[in-house]
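Each chain, letter by letter, is given below.
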Amino acid sequence: MEERVKILAACELFKTLPPEALEMLASRSEAAAAKEGEVIVAEGKAADNLYVVAEGQVDYIKRVDEKRGLVLFRWQRGDVLALNPVMDGKEYYVSAIATAPVKFLRISAKDFWAVVAADPLYEHRVFRQTLLIQSAGLRQTTLRLREFLAKIIK
Amino acid sequence: MGREELRRNRLFKEFSDQELDMVRIVVDEATYDDGQLIIKEGDPGERLYLIDAGRCSVTTQISGAGTEEISLLHPGEFFGEMSLIEAAPVSATVYARGRCRLLWLERKAFDRLIAEDMPVANKLLQAIILAFCERARDTTAKIEGYYRMSKF
């Protein structure tokens, strides 16, 4: 339990939450692991969980055809997987695949929302952190968009 | 500025009359002619813009190719918020496409709205989060499309 709280406290999304909220989240989380090459989140599936990376490395991959995928992001310790799909309640739009052995905490979307809704302050802090994460992510994806646009134009 | 003008924007759709009144007093408005520059990439971002009428073209510089439109925003949408959230420079250049009527909030007013009333702030933050989710999905789909085209 103590270890889970530490992982959550070091995570960008939850680091501004007070200790009691971190404990609530930790008690509802489940420690899990994935081997290299294992799919943690599968594109097109219902967004039922949020994942906090505790150790290892995970790639966000967008499927481009039957065999190939495009690496969009690389996540490491302290990063959160599947934040947008849990926020909007729609399906996962990319896959998350372990590129090294990974340890992570899994929190169901239902438990995540239960803790966030327990206090307007928790909600406020999680929302503010979410926006910072999303904003940085959008800047990165826009850069990738430019790269591909430049390739097409050339 | 009427409540209904604000409620037409996706950020304030779920706001009560009383909550909209808190916003109305800090919102200003401006009209832009076709092709007029609204914000420029790299400038410090100081305003959140709400599109009330007309369309706005979001463009970026592509090395060796010049200016390209990456998105076209319609009434009810908004822009400029990323710089307010991250305190970072504006990430794209935006022009009026046709005659545009925009409502805007200064950084200070936005910050005050977020700091003063938590339920109102949470409603606004969640609306921005949902819009960001949509943008992330759209941008990822565009990357996939451009990738396919780049392979032809």
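Everything below is about the structure shown above.
Residues numbered from 1 in each chain as written. Chains lettered and ligands numbered in written order. Predicted model: local features only at pLDDT ≥ 70, side-chain atom pairs only at ≥ 80, totals over all residues.

Caption draft 1: View of the overall build of chain B. The secondary structure content of chain B amounts to 5 helices and 6 strands. From first element to last, N terminus to C terminus, chain B shows the α and β order α-α-β-β-β-β-β-α-β-α-α. In terms of C-alpha radius of gyration, chain B reaches 16 Å, essentially the compact-globule figure of 15 Å for 152 residues. Here the C-alpha coordinates of chain B stretch approximately 55 × 30 × 25 Å along the principal axes. Across the 152 residues that make up chain B, the buried fraction comes to 32%. Partitioning the contacts of chain B with sequence separation of at least 6, the portion at a separation of at least 24 is 72%. (Helix = DSSP H or I, 4+ residues; strand = E, 2+ residues; numbered from the N terminus. Rg over C-alpha atoms; globule rule 2.2 N^0.38 Å. Buried ≥ 20, exposed ≤ 12 C-beta atoms within 10 Å, placed from the backbone. Contact = placed C-beta atoms within 7 Å.)

Caption draft 2: Summary view of helix α4 (residues 109-116) of chain A. All names here are of chain A. Looking at α4, one finds that the buried residues are Phe 112, Val 115 and Val 116. Burial along α4 is one-sided: seen end-on, the buried residues are contained in an arc of 100°. Buried-residue contacts for α4 involve α2 (19-27), β3 (49-55), α3 (83-88), β8 (102-108) and α5 (120-153). (Arc of directions from axis to C-beta.)

Caption draft 3: Region of interest: the interface of chain A and chain B. In this complex, chain A contributes 34 residues to the contact, which on the side of chain B involves 35 residues. Here the element with the most residues in the side of chain A that touches chain B is α5 of chain A; it accounts for 24 residues. A per-class count over the side of chain A that touches chain B returns 17 nonpolar, 8 polar and 9 charged. (Nonpolar A, V, L, I, M, F, W, Y, C, P; charged D, E, K, R; others polar.)

Caption draft 4: Main features of the environment of Asn 9 of chain B. All names here are of chain B. The residue Asn 9 is located in the loop between α1 (3-7) and α2 (17-24) in this model. In this structure the C-alpha to C-alpha distance between Asn 9 and Glu 41, which are 32 residues apart in sequence, comes to 24 Å. Residue contacts for Asn 9: discarding those within four places in its chain leaves Leu 50, Gly 76 and Phe 78.

Caption draft 5: Local environment of the pairing of strand β3 (residues 47-62) of chain B. Residue and element names in this part refer to chain B. Pairing of β3 with strand β6 (residues 93-106) involves 11 bridges; the strand directions are antiparallel. By the bridge assignment for β6, Leu 50 is matched with Leu 103. Where β3 and strand β5 (residues 78-79) come together, 2 bridges link them in antiparallel fashion. Residue pairing for β5: Leu 50 is matched across the bridge by Phe 78. Across 7 bridges, the pairing between β3 and strand β4 (residues 66-73) is antiparallel. Directly across from Thr 60, in β4, lies its bridge partner Glu 68. With antiparallel pairing between neighbouring strands as the criterion, β3 and β4 make up a hairpin whose turn holds 3 residues, including Gly 64 at a positive phi of roughly 80°. (Pairing = 2+ DSSP bridges.)

Caption draft 6: Seen up close, the sheet that holds strand β7 (residues 95-98) of chain A. All names here are of chain A. Taken together, 4 strands build an open sheet; the order of strands is β2-β7-β4-β5 and the sheet is antiparallel. Of all strands in the sheet, those with a lone pairing partner are β2 (39-41) and β5 (69-75), marking the two edges. Strand-to-strand twist across the sheet, computed as the mean angle between neighbouring axes with direction ignored, equals 35°. In this sheet, β5 lies alongside strand β4 (residues 58-63) in antiparallel orientation, the contact comprising 6 bridges. Within the sheet, the bridge partner assigned to Tyr 60 lies in β5 and is Phe 73. (Axes fitted to C-alpha atoms, helices over the stretch in contact; angles between N-to-C directions.)

Caption draft 7: Seen up close, the sheet that holds β8 of chain A. Residues and elements named next belong to chain A. The sheet built from 4 strands is open, its strands ordered β1-β8-β3-β6 with antiparallel pairing. Looking at which strands have only one partner, the edges of the open sheet turn out to be β1 (30-34) and β6 (80-81). Where β1 meets β8, 5 bridges bridge the pair, whose relative direction is antiparallel. Counterpart to Ala 34 in the pairing with β8 is Val 102. Across the sheet, α4 touches β3 and β8, and the angle it forms with β8 is around 65°.

Caption draft 8: Highlighting the packing of helix α1 (residues 2-9) of chain A against α2 of chain A. All names here are of chain A. Contact geometry of α1 with α2 gives a least axis separation of 9 Å together with a crossing angle of 115°. For α1 against α2, the interelement crossing comes out right-handed. Contact residues: Arg 4, Val 5, Leu 8 and Ala 9 in α1; Leu 22, Glu 23, Leu 25 and Ala 26 in α2. Residue composition of the contact of α1 with α2, by class: 6 nonpolar, no polar and 2 charged. (Left-handed = near helix turned anticlockwise from the far one by under 90°.)

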